[in-house]
Amino acid sequence: MNVSQTKPESGNQYRHPLVLAGAGHAHLVMMRYWRDQGYRPPEGTVMITPEPRAWYSGMMPGLIAGRFRLEQCAVDLNPWCHALGITLLRANIKSLHCQQRQLVLEDGTGLGYDVLSINTGSMTGLSADHDGSVLMIPAKPFPHFIEHWQHWQSTSPHTLMIAGGGAAAFELAMALRRRFPAIPLKVVCASVLLASHAAATRTLALECLQQQRIDCVQHTRITAIREGEVCSGSHSLGRPDALILATGAHCLPWYQTSGLACDHAGFLKINASLQSLSDPRVLVAGDAAALPDSQRSGVFSVRHGPVLANNVHALLEHSALEHYQPQAKALALLATADGGALMSYGNCGAGGKAVRPLLGRWKDHLDLGFMRRHAI
């Protein structure tokens with residue numbers, strides 16, 4: 001079946017044997033495994049994603065800093081889908097009705113499925129009263145953020161603020177400073193910076209921000225945005241041109257209305273085979289999934305891929321499924337925008353001036369290697 005961007009048939013008329021919702025890291029790895037194993041999914045398989053490219057999150061800070069080109073940071077989905085006989089459908093998902101086994105797209109089109117694999121990721125958000133007077137830009141989805149970044153290439157902002165205290169907030173701050181060396185730039189963390197990382201890495205990250213004249217306000221929650229002013233309670237945090245939301249993973253709205261079991265944050269609960277607890281013919285990977293000990297990061301999403309490749313095939317063939325075992329610790333390499341990186345692994349952190357360039361080359365090696373493996 002050739003790659004198509006046409007409207008599919010109604011789910012009432014035709015049920016697809018397999019629907020792949022999203023083109024996250026796990027689905028990319030899954031498609032590579034299928035190609036390497038010589039497997040083709042059944043005719044009628046559809047991938048739904050709003051973009052013809054899959055963006056690699058590990059290289060986004062390098063793109064913002066000017067170290068990578070746009071085309072280096074994304075995988076073209078068309079040749080992958082063509083090689084595997086998958087129909088690529090560019091669309092946004094509006095809702096999922098698990099009892100009817102049907103997805104509904106934003107234009108109202110329904111797609112029925114026998115097996116569904118969800119790798120649609122997460123979004124960023126902010127729980128604060130706001131009057132729309134400050135431009136708020138989510139760090140995800142990447143295409144939306146990249147549009148603003150491209151606009152800033154010709155019209156530099158006067159001041160920027162980043163909400164969030166995780167790796168994305170730190171890397172974005174360093175990358176934006178590299179691109180805009182003179183503008184006021186502030187990071188606002190509800191807790192501490194890099195709370196889930198090694199203490200040594202947190203210290204090094206704060207030193208990096210200080211050296212680059214990036215203000216970092218910790219233990220401060222943004223509660224309101226009024227008349228152009230970002231506030232925490234009665235305290236003003238500033239009047240930025242834009243507030244970038246790097247606030248961690250928030251579930252997509254349709255997860256909670258799908259009828260599938262969700263955790264307290266609205267993510268889709270799965271078992272060790274990556275199957276929904278509500279429907280064993282629905283698999284979930286990446287940020288969309290709620291599984292104990294599996295964190296929401298690119299490292300864990302990539303590790304979902306091989307298990308997902310086997311288990312989608314196994315469901316279609318009615319054979320045995322594999323179990324996914326989350327790694328106890330995950331390596332994090334945080335880009336400092338100058339070609340260097342900080343490292344965090346369990347309780348160990350590194351990134352002093354002498355070792356930072358070596359860690360940066362290691363990160364580039366891993367990131368560029370991932371992109372080479374997913375070129376076709």
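Everything below is about the structure printed above this text.
Residues numbered from 1 in each chain as written. Predicted model: local features only at pLDDT ≥ 70, side-chain atom pairs only at ≥ 80, totals over all residues. Heavy atoms only, no water.

### Some words on the overall build of the protein
Right, on to step 1. Across its full length, the protein holds 9 helices and 23 strands.
Right, on to step 2. For the protein, the C-alpha radius of gyration of 21 Å lies close to 21 Å, the compact-globule estimate for 376 residues.
Right, on to step 3. Expressed along its principal axes, the backbone C-alpha trace of the protein runs to roughly 60 × 45 × 40 Å.
Right, on to step 4. Buried positions account for 55% of the 376 residues belonging to the protein.
Right, on to step 5. Considering only intrachain contacts with a sequence separation of at least 6, the fraction spanning at least 24 residues in the protein is 67%. (Helix = DSSP H or I, 4+ residues; strand = E, 2+ residues; numbered from the N terminus. Rg over C-alpha atoms; globule rule 2.2 N^0.38 Å. Buried < 20%, exposed > 50% of the residue type's maximum accessible area, 1.4 Å probe, protein only. Contact = heavy atoms within 4.5 Å.)

### A look at the pairing of strand β7 (residues 102–105)
Right, on to step 1. Here β7 shows two buried faces, one formed by Q102 and V104 and the other by L103 and L105.
Right, on to step 2. Alignment of strand β6 (residues 93–97) against β7, held across 4 bridges, turns out to be antiparallel. When the sheet's bridge partners are listed, S95 is paired in β7 with V104.
Right, on to step 3. Count of turn residues in the β6/β7 antiparallel hairpin: 4 residues, of which R101 carries a positive phi of about 50°.
Right, on to step 4. Relative to strand β8 (residues 110–118), β7 is paired through 3 bridges, and the arrangement is antiparallel. Bridged to L103 within β8 is L111.
Right, on to step 5. Connecting the antiparallel pair β7 and β8 is a turn made up of 4 residues, with G108 showing a positive phi of about 95°. (Pairing = 2+ DSSP bridges.)

### Observations concerning the pattern of salt bridges
Right, on to step 1. All told, the structure shown has 7 salt bridges when counted by the stated rule.
Right, on to step 2. We note a salt bridge from D36 to R35, for which the minimum N-O separation is 3.1 Å.
Right, on to step 3. The salt bridge involving K186 is made with D215; its shortest N-O contact spans 3.8 Å. You can see K186 sitting in strand β12 (residues 185–188) and its partner D215 sitting in strand β13 (residues 215–217), a full 29 residues away along the chain.
Right, on to step 4. Judged by its relative accessible area of 39%, D215 is partly exposed. (Salt bridge = Lys/Arg side-chain N within 4 Å of Asp/Glu carboxyl O.)

### Re the nonpolar core
Right, on to step 1. By size, the foremost hydrophobic cluster in this structure holds 109 residues, and its most contacted members are W34, I48, I118 and I162.
Right, on to step 2. Setting aside residues up to four positions removed in sequence, W34 forms contacts with L18, L20, Y39, P41, L84, I86, A309 and V312.
Right, on to step 3. Membership of the second largest hydrophobic core comes to 11 residues, among which are A163, V188, I222 and L243. (Core = buried A, V, L, I, M, F, W, Y, C linked by side-chain atoms within 4.5 Å.)

### Description of the side chain of R177
Right, on to step 1. Position of R177 among the secondary structure elements: in helix α5 (residues 167–179).
Right, on to step 2. Look at R177: it is buried, it has no salt bridge, and the nearest opposite charge is D215 at 9.8 Å.
Right, on to step 3. R177 has contacts with A182, I183, L185, Q212, R213 and I214, leaving out every residue within four places of it along the chain. (Lys, Arg positive; Asp, Glu negative; His and termini not counted.)

### Looking at the sheet that holds strand β21 (residues 331–335)
Right, on to step 1. With respect to topology, 3 strands assemble into an open sheet ordered β21-β22-β23, the strand pairing being antiparallel. Each having just a single partner strand, β21 and β23 (348–350) make up the two edges of the open sheet. For this sheet the average axis-to-axis angle between neighbouring strands, irrespective of direction, equals 15°.
Right, on to step 2. As paired strands, strand β22 (residues 341–345) and β23 are joined by 3 bridges and run antiparallel to one another. From the neighbouring strand, S344 faces β23, where its bridge partner is G349.
Right, on to step 3. Along the sheet, helix α9 (residues 356–373) contacts β21, β22 and β23; its crossing angle with β22, the most-contacted strand, is approximately 80°. (Axes fitted to C-alpha atoms, helices over the stretch in contact; angles between N-to-C directions.)

### A look at the environment of L193
Right, on to step 1. With respect to the helices, strands and loops of the structure, L193 is situated in the loop between β12 and α6 (199–211).
Right, on to step 2. The class of L193 is buried, set by a relative accessible area of 1%.
Right, on to step 3. Spatially, the C-alpha atom of L193 lies 34 Å from that of S117, the residues being 76 residues apart in sequence.
Right, on to step 4. Those residues in contact with L193, other than ones at most four positions away along the chain, are G165, R202, A205, L206, L209, C216 and Q218.

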